[in-house]
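In case you want the letters, here they are:
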Amino acid sequence: MPSHNESHDEKKSELQRAGLKVTGPRVRLLQYLEEAARDNRHLSADDIYLALQQAGEDIGLATVYRVLTQFEAAGLVMRHNFEGGHAVFELSTDDHHDHMVCIETGAVIEFHDSAIEKRQHEIAAEHGYELVDHSLVLHVRPLGKKKPKA
Ligand SMILES: [Zn+2]
């Protein structure tokens, strides 16, 4: 297990590489996002705030929002505004993935489909464009739970 200091130093250089000054809240928030990513990669600002409070950190909700916005601008995290819920944040990854969101539970599921990826480039090209980015969100509900027509 890495010592607190090693991990702390790692976070410091990550922040510096992203062009951000090293502050206590930034280091703690980045650490938390990486710890949390093992269980749930998609967290709201409230989730993060409450978890930090429970860990005894004195970081206010406004600071959490501010640091997340700074992380987003620096490319460290991505913000997703999933419909019907508040924004969730996740650490940026090199691997592109898309999301589906369960309309009943709010669960966020990641997926990657090379046929969809390829097709999007083709469609953009058919319209005379080059695809530079995209975000695809499927709204889903558990199978067998189709609502009867009223
Ligand atoms: Zn994701």
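Residues numbered from 1 in each chain as written. Predicted model: local features only at pLDDT ≥ 70, side-chain atom pairs only at ≥ 80, totals over all residues.

### Quick word on the domain arrangement of the chain
The domain boundaries assigned to the chain delineate domain 1 (4-91) and domain 2 (98-140). Listed by partner, the interface residues are seven residues for domain 1 and seven residues for domain 2. Each residue belonging to the side of domain 1 that touches domain 2 can be placed in one class, and the counts come to two nonpolar, four polar and one charged. (Domains from an automatic or database assignment. Contact = placed C-beta atoms within 7 Å. Nonpolar A, V, L, I, M, F, W, Y, C, P; charged D, E, K, R; others polar.)

### Some remarks on the nonpolar core
Residues I48, V64 and L68 are the most contacted members of the largest nonpolar core, which totals 16 residues. When neighbours within four sequence positions are excluded, L68 is seen to be in contact with A45, V77 and F89. (Core = buried A, V, L, I, M, F, W, Y, C linked by C-beta atoms within 7 Å. Buried ≥ 20, exposed ≤ 12 C-beta atoms within 10 Å, placed from the backbone.)

### As for the environment of G128
When you line up the elements, G128 lands in the loop between α5 (114-126) and β5 (137-140). G128 sits in the exposed class, given 6 other C-beta atoms within 10 Å. Each C-alpha atom of the pair G128 and Q16 lies 39 Å from the other, and the pair is 112 residues apart in sequence. (Helix = DSSP H or I, 4+ residues; strand = E, 2+ residues; numbered from the N terminus.)

### Quick word on α5
The end-to-end C-alpha distance of α5, which contains 13 residues, comes to 18 Å, matching closely the 18 Å that a straight helix rising 1.5 Å per residue would cover. Burial of α5 is sparse: only zero of the 13 residues sit out of reach of the surface. Looking one or two places after α5, you find G128, whose phi comes out positive at around 80°. (Expected span 1.5 Å × (residues − 1).)

### Brief notes about the sheet that holds strand β4 (residues 108-111)
Here we have three strands laid out as an open sheet, ordered β4-β3-β5, and mixed in their pairing. Single-partner strands in this sheet number two, and they are β4 and β5. Each adjacent strand pair in this sheet contributes to an overall mean axis angle of 25°, direction not counted. Note: strand β3 (residues 98-102) against β5, four bridges, orientation parallel. Residue pairing for β5: C102 is matched across the bridge by V140. (Pairing = 2+ DSSP bridges. Axes fitted to C-alpha atoms, helices over the stretch in contact; angles between N-to-C directions.)

### Quick look at the packing of helix α2 (residues 24-36) against helix α3 (residues 45-54)
Close contact between α2 and α3 brings their axes to 11 Å; oriented N to C, the two are set at 105°. One element, α2, and the other, α3, form an angle in the roughly perpendicular class. For the pair α2 and α3, contact is made by R28, L29, Y32 and A36 and by I48, A51 and L52, respectively. Of the residues assigned to the contact of α2 with α3, the class counts are six nonpolar, no polar and one charged. (Parallel < 35°, antiparallel > 145°, perpendicular 65-115°, else oblique.)

### Some words on the packing of α3 against helix α4 (residues 61-73)
A pair of packed helices can be characterised by two numbers: the angle between their axes and the separation between those axes. Interhelical geometry of α3 versus α4 gives an angle of 125° and a closest axis separation of 9 Å. Judged on the interaxial angle alone, α4 and α3 are oblique. Taken as a pair, α3 and α4 cross one another with a handedness that is right-handed. Contacts between α3 and α4 involve A45, I48 and Y49 from the first element and L61, V64, Y65 and L68 from the second. Looking at side-chain class alone, the contact of α3 with α4 contains seven nonpolar, no polar and no charged residues. (Left-handed = near helix turned anticlockwise from the far one by under 90°.)

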